[in-house]
Amino acid sequence: MTRQRILLLGAGGHGKAIADLLLAGGSYDIAGFVDAAPKASQVLGLPVLGDESLLTALAGQGITLAHAAVGDNAQRLAAAGRLRAAGFALPRLIHPAALIGHGAMIGEAAAILARAVIGPDAEIGPLALINTGAIVEHDCVVAEAAHIGPGAVLAGGALIGAGALIGAGAVVRPGISIGAGALVGAGAAVVEDVAPGAKVMGVPARPV
């Protein structure tokens, strides 16, 4: 059976992590990378094909799938729009070493990296990024294009707004709401709701 080819937009560090996910899963053949400003000819031995001016031509060559492999939330959302406009479909990507609980919902173009845990009845929105070793417990909601950093922990029922960033190793108490576009610093302990667009750091987390 012929595997579908997938294109990665973004040849930086996060692009490397997504390529690693795909190589581990073996469900797709990676056609290569495009990047707004290519800095190398290869990533993990895979070709960097050029810049985004190639998107339409690549779609015309029968590459129907793509992923916005960009770590920055706003840039990932914008990149996904450009991929859709060029005619690509954006599948969700789940590393084979991730654990997905019963009833969990994973949205279009979301990425779940190695050793991440998605608890039962959790909801992961489109283009959300659940990074390596992160834990999203039962009944949490992670909205569109939010990023849960490596090793971060969301306790049960936490709500993470669209485009929010939960830094590496941060911990969010059960039932806490993090507003859209908010930033939680690495290692923070969030014990109170965080307003949209706010930045909090520390233990316990406080506004910066």
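Residues numbered from 1 in each chain as written. Predicted model: local features only at pLDDT ≥ 70, side-chain atom pairs only at ≥ 80, totals over all residues. Heavy atoms only, no water.

Each pocket or cavity is described by its volume, and for the largest pocket that value is around 180 Å³. Surrounding the largest pocket, 14 residues form its lining, Leu 9, Gly 10, Ala 36, Val 70 and Gln 75 being those nearest its centre. Broken down by element, the lining of the largest pocket gets its largest block of residues, 3 residues, from helix H3 (residues 73-85). When the residues that make up the lining of the largest pocket are grouped by side-chain class, the tally is 6 nonpolar, 5 polar and 3 charged. (1 Å grid on protein atoms, 1.4 Å probe; cavity = no way out; pocket = protein on both sides within 12 Å on 5 of 7 lines; lining within 4 Å. Points joined across faces, edges and corners; volume = space filled by probe spheres on them. Helix = DSSP H or I, 4+ residues; strand = E, 2+ residues; numbered from the N terminus. Nonpolar A, V, L, I, M, F, W, Y, C, P; charged D, E, K, R; others polar.)

Counting 34 residues, the largest nonpolar core has Ile 124, Ile 130, Val 142, Leu 154, Ile 166 and Ile 178 as the members making the most contacts within it. Look past the residues within four positions of Ile 124 in its chain and what remains in contact with it is Met 105, Ile 106, Gly 107, Ala 110, Ile 112, Ile 118, Ile 130, Val 136 and Val 142. In this structure, Ile 63, Ala 79, Phe 88 and Leu 127 belong to the second largest nonpolar core, which totals 19 residues. (Core = buried A, V, L, I, M, F, W, Y, C linked by side-chain atoms within 4.5 Å. Buried < 20%, exposed > 50% of the residue type's maximum accessible area, 1.4 Å probe, protein only. Contact = heavy atoms within 4.5 Å.)

This part is about the sheet that holds strand E2 (residues 29-34). Whether parallel or antiparallel, the strands of a sheet pair through hydrogen bonds between backbone atoms. One open sheet holds the 5 strands; their spatial order is E3-E4-E2-E1-E5, and the pairing between them is mixed. Edge positions in the sheet fall to strand E3 (42-43) and strand E5 (65-68), since each of these pairs with one other strand and no more. (Pairing = 2+ DSSP bridges.)

Between its terminal C-alpha atoms H3 stretches 19 Å, which fits the 18 Å expected from 13 residues at 1.5 Å a residue. Listed as buried for H3 are Asn 73, Arg 76, Ala 79, Ala 80 and Leu 83. Looking straight down H3, one finds its buried side chains confined to an arc of 120 degrees; they lie on one side. In H3, the exposed residues that point more than 90 degrees away from the buried face are Ala 74, Gln 75 and Ala 85. For H3, the N-terminal capping position is held by Asp 72, with its side-chain oxygen 3.2 Å away from the main-chain nitrogen of Ala 74. (Expected span 1.5 Å × (residues − 1). Arc of directions from axis to C-beta. Polar contact = N/O pair within 3.5 Å; in protein donor to acceptor, adjacent residues only side chain to side chain.)

All right, on to the environment of Val 184 then. Tracing the backbone through its elements, the reader meets Val 184 in strand E21 (residues 183-184). You can call Val 184 buried: its relative accessible area is 1%. Each C-alpha atom, one on Val 184 and one on Ala 74, is 16 Å from the other, the two residues being 110 residues apart in sequence. Contact partners of Val 184, with chain neighbours within four places excluded, come to Leu 165, Ile 166, Gly 167, Ala 170, Ile 178, Val 190 and Val 200.

Glancing now at the sheet that holds strand E6 (residues 93-94). What the 8 strands build is an open sheet, ordered E6-E9-E12-E15-E18-E21-E23-E24; its pairing is mixed. Each edge of the open sheet is held by one strand with a lone partner, namely E6 and strand E24 (206-207). With 2 bridges connecting them, strand E12 (residues 129-130) and strand E15 (residues 147-148) associate as parallel partners. Residue pairing in the sheet places Leu 129 in a bridge with His 147 of E15.

On to the pattern of salt bridges. Summed over all chains, the structure comprises 3 salt bridges. The shortest N-O distance in the salt bridge between Glu 108 and Arg 84 comes to 3.2 Å. Remark: Arg 84 occurs in helix H3 and Glu 108 occurs in the loop between strand E8 (105-106) and strand E9 (111-112); sequence separation between them is 24 residues. Residue class for Glu 108 comes out partly exposed when judged on its relative accessible area of 41%. The class of Arg 84 is partly exposed, set by a relative accessible area of 35%. (Salt bridge = Lys/Arg side-chain N within 4 Å of Asp/Glu carboxyl O.)

Our focus in this paragraph is the environment of Gly 101. For Gly 101, the location among the structural elements is in the loop between strand E7 (99-100) and E8. Along the primary structure Gly 101 and Leu 49 are separated by 52 residues, whereas in three dimensions their C-alpha atoms are 37 Å apart. Setting aside chain neighbours within four positions, we find Gly 101 in contact with Ile 118, Gly 119 and Pro 120.

That bond from Val 203 to Pro 204 is cis: its omega, -10 degrees, falls within 30 degrees of zero. Mapped onto the elements of the fold, Pro 204 is located in the loop between strand E23 (199-201) and E24. Not every positive phi belongs to a glycine, and Ala 109 is a case in point at roughly 70 degrees. Looking at the secondary structure, you find Ala 109 in the loop between E8 and E9. In this structure Ala 109 comes out as buried when scored by relative accessible area, which is 2%.

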